[in-house]
Amino acid sequence: MSEQINAFKMAQGQFDNVAKMLDLDPQVSEILRWPSREFQFTIPVHMDDGSIRVFTGYRVQHNDARGPSKGGIRFHPAETMDTVRALAMWMTWKTAIADIPLGGGKGGVAVDPASLSIGEQERLCRHWVRQMWRNIGPRQDVPAPDVGTNSRMMGWMMDEYSQIVGTYTPGVITGKPVGGGGSLGRKEATGFGVIYTVREAMKHLNLDPTESIAAIQGFGNVSQYAAIGFIDLLGGKVACVSYWDRDDRAAYTVSHPEGVDPRFLQTITDIYGTIDKDKAREAGYVIEDGDDWIAKDVNVLIPAALEGQINANSVKRISDRVRMVAEGANGPTTPEADEVLKRNNVFVIPDFLCNAGGVTVSYFEGVQNDMNYYWTNEEVLERLDTKITQAFNSVVEMAAKEGVYMRDAAYMVSIDRVVKAMEMRGLL
Ligand code: NAD
């Protein structure tokens, strides 16, 4: 999380801007610019050395007009109520744009999970559920993994909830391990979803994917599969990825003159998305400053790490060749940088459209849990492609109809769907 950016103010600002364009009733705006419910709680954890450490946990349910709140749980040292609020609000727009019957929520814990042993992580996850179980559930609020959390943690959380309520309840959380209630295709879902939107945007802009080259920020769940998808599904090249090096407390860009091989890089990357830079160097990769990914001579940028990465300073470094920014991360572009991209005619695929693949397959996971019948990987990815393509088209159509920027068009589609659901339920 970038220090100077208040993500919630940014999320409210984006909403206010479109609410004004839509001439939305100020009373409706007042409802939607705030979360419906917020929880902040302490999580005491018995550490392996016998001490007790107290962590701060969060859950925010922004809106559930279209269905149960839905959104990940992040374990990140810079987590605050405001980051969780922003992410919860973006989830409302994301589930609406993907047109899945869910609302928006988000949770978190201010912690660096890599600093905990496996046992400490398990106790933290189980205690998070003990604090929240009354207010989550398949028909209330369904968490999922996000930055710093993974499928094993979701398995522990599902187990803790099932133990408390006394019934096996896989639908309480998604992103569970395959074989433990998880869906095939979930691990690729967000990254491949990003690439489905890039593919559609390339058709729209008349760009040849096989002549395209991308620079990707991050090398975690989203960026790994975005990189694989860019090469395998589109036939393009990936100039670089990047990562945060915990030991050096610095970010690095990892590039290769012939393009990176994400499948090889996966073999030298840990579960937190940290690349072994010595092994990368041995294999002919070039290690540069973490900020350099943005200045590469490419036509596609895919920020897929953290918020606020394309900002007033970094936006100046973007090459003139860049035609498209596909926002794999949530909130990677600050409003100042957004203005510059708009002015320079860069086609932006806004975050809550671009990275909606994860929540869409999370929804499929819940559907499969309800049916107690599981689809193949191909079935999941095919359904995902259909949903994401429809979502992309609805935004492009709105942008053309209203003559507005893609981000504003995406907000217009989502806000309209949420307001209609509120009206239909008699909430307005
Ligand atoms: P992750 O924890 O798996 O990976 C994050 C990656 O970013 C790691 O490689 C890490 O080293 C790198 N990173 C962190 N700080 C960095 C920095 N300053 N510079 C360069 N690299 C840095 O996380 P993820 O699940 O891939 O999520 C990435 C983004 O996508 C987040 O904004 C998240 O909210 C969003 N997102 C994730 C999903 C999902 O399904 N995982 C879905 C939608 C949106």
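Cut-offs and rules
Residues numbered from 1 in each chain as written. Predicted model: local features only at pLDDT ≥ 70, side-chain atom pairs only at ≥ 80, totals over all residues. Heavy atoms only, no water. Near = heavy atom within 4 Å. Polar contact = N/O pair within 3.5 Å; in protein donor to acceptor, adjacent residues only side chain to side chain. Areas by Shrake-Rupley, 256 points an atom, 1.4 Å probe, with all protein chains shown as cover. Helix = DSSP H or I, 4+ residues; strand = E, 2+ residues; numbered from the N terminus. Nonpolar A, V, L, I, M, F, W, Y, C, P; charged D, E, K, R; others polar. Domains from an automatic or database assignment. Core = buried A, V, L, I, M, F, W, Y, C linked by side-chain atoms within 4.5 Å. Buried < 20%, exposed > 50% of the residue type's maximum accessible area, 1.4 Å probe, protein only. Buried area = accessible area lost by both parts, 1.4 Å probe. Salt bridge = Lys/Arg side-chain N within 4 Å of Asp/Glu carboxyl O. Pairing = 2+ DSSP bridges. Axes fitted to C-alpha atoms, helices over the stretch in contact; angles between N-to-C directions. Phe/Tyr/Trp six-rings, centres within 6.5 Å; stacked < 30°, edge-to-face > 60°. Lys NZ or Arg CZ within 6 Å of the ring centre and 35° of its normal. Arc of directions from axis to C-beta. Contact = heavy atoms within 4.5 Å. Parallel < 35°, antiparallel > 145°, perpendicular 65-115°, else oblique. Left-handed = near helix turned anticlockwise from the far one by under 90°. 1 Å grid on protein atoms, 1.4 Å probe; cavity = no way out; pocket = protein on both sides within 12 Å on 5 of 7 lines; lining within 4 Å. Points joined across faces, edges and corners; volume = space filled by probe spheres on them.

The local shell around the ligand holds 26 residues, among which T190, F219, W244, G273 and N330 are the closest. Take F219: an N or O atom from its main chain is 2.9 Å from an oxygen atom of the ligand. Separating an oxygen atom of the ligand from a backbone N or O atom of N221 is a distance of 3.0 Å. In isolation the ligand has 830 Å² of accessible area, and contact with the protein removes 89% of it. Listing elements by their share of the shell around the ligand, those giving two or more residues are helix 6 (186-205), helix 7 (221-232) and strand 7 (237-245). Here the element with the most residues in the shell around the ligand is strand 7; it accounts for 3 residues. Its residues assigned to classes, the shell around the ligand comprises 11 nonpolar, 11 polar and 4 charged. When we break the shell around the ligand down by domain, the ones giving at least three residues each are domain 1 (35-173) and domain 2 (187-349).

As a further point, take the nonpolar core. Ranked by size, the top nonpolar core spans 73 residues in total, and within it W93, F230, I302 and M324 carry the most contacts. With 11 residues, the top contributor of residues to this core is helix 14 (residues 406-424). Two domains each donate at least three residues to this core, and these are domain 1 (35-173) and domain 2 (187-349). With 25 residues, the next largest nonpolar core counts F39, F41, I43 and V109 among its residues.

On to unusual backbone geometry. Positive phi outside glycine occurs at D99, with the angle close to 55°. By the element assignment, D99 lies in the loop between helix 3 (81-97) and strand 4 (104-109). Classification of D99 as partly exposed rests on a relative accessible area of 39%. Backbone geometry places N372, a non-glycine residue, at a positive phi of 55°. Assignment of secondary structure puts N372 in the loop between helix 12 (357-371) and helix 13 (377-402).

We now examine the domain arrangement of the protein chain. Under the domain assignment, the protein chain is made up of domain 1 (35-173) and domain 2 (187-349). Computed over C-alpha atoms only, the centres of domain 1 and domain 2 are separated by 27 Å. Regarding the contact of domain 1 and domain 2, the summed buried area is about 720 Å², with carbon and sulfur atoms giving 52% of it. Scanning the region where domain 1 abuts domain 2 turns up 2 salt bridges. A salt bridge links D112 to R246; the shortest N-O distance between them is 3.6 Å. For the interface between domain 1 and domain 2, the tally reads 3 residue pairs in polar contact (both at pLDDT 80 or more).

The subject of this paragraph is the sheet that holds strand 2 (residues 52-63). The mixed open sheet is built from 5 strands, whose spatial order is 1-2-4-3-5. Lying at the two open borders of the sheet, with one neighbouring strand each, are strand 1 (37-46) and strand 5 (141-145). If you compare each strand with its neighbour and ignore which way they point, the axes differ by 20° on average.

Attention now moves to the packing of aromatic side chains. All told, the structure shown has 11 aromatic pairs when counted by the stated rule. Summarising the aromatic geometry, the rings of F352 and Y411 are spaced 4.9 Å apart at their centres and angled 75° between planes, so their arrangement reads as edge-to-face. A residue pair is termed long-range when its members are at least 10 positions apart, and F352 in helix 11 (residues 351-354) and Y411 in helix 14 qualify at 59 residues. Across the pair, Y411 and F352 agree in class, each one buried. Aromatic rings pair up to connect F15, W93, F352 and Y411 into one cluster. For the cation-ring pair, R383 lies above W375, with the distance from its terminal atom to the ring centre recorded as 3.9 Å.

Turning to helix 10 (residues 335-343), its buried residues are A337, D338, V340 and L341. All buried residues of helix 10 fall inside an arc of 160° around its axis, so they share one side. On its buried face, helix 10 is in contact with strand 11 (324-326), strand 12 (347-349) and helix 14. Following helix 10 by one or two positions, N345 adopts a phi angle in the positive range, close to 65°.

Attention now moves to the packing of helix 12 against helix 13. For the pair helix 12 and helix 13, the least separation of the axes is 10 Å and the interaxial angle reads 130°. In terms of their interaxial angle, helix 12 and helix 13 are classed as oblique. Regarding helix 12 and helix 13, the two cross each other, and that crossing is right-handed. Contacts between helix 12 and helix 13 pair G357, T360, V361, F364 and Q368 from the former with V380, R383, L384, K387 and I388 from the latter. In the contact of helix 12 with helix 13, the residues fall into 5 nonpolar, 3 polar and 2 charged.

Enumeration according to the criterion identifies 35 salt bridges in this entry. The salt bridge involving D141 is made with R59; its shortest N-O contact spans 2.7 Å. Pair noted here: D141 is in strand 5 and R59 is in strand 2, with a separation of 82 residues, a long-range link. R59 matches D141 in its accessibility class, with the two residues each being buried. Of the charged contacts, one joins R281 and D278 as a salt bridge, the two residues approaching to 3.6 Å between their closest N and O atoms. In this pair, R281 and D278 both sit in helix 9 (residues 277-282), 3 residues apart, roughly one turn of the helix.

Tallied over the entire structure, the rule returns 1 cavity of 30 Å³ or more. As a volume, the largest cavity reaches approximately 40 Å³. Taken together, I73, W128, V129, I136, P143, M157, Y161, V172 and I173 make up the lining of the largest cavity. Its residues placed into classes, the lining of the largest cavity shows 9 nonpolar, no polar and no charged.

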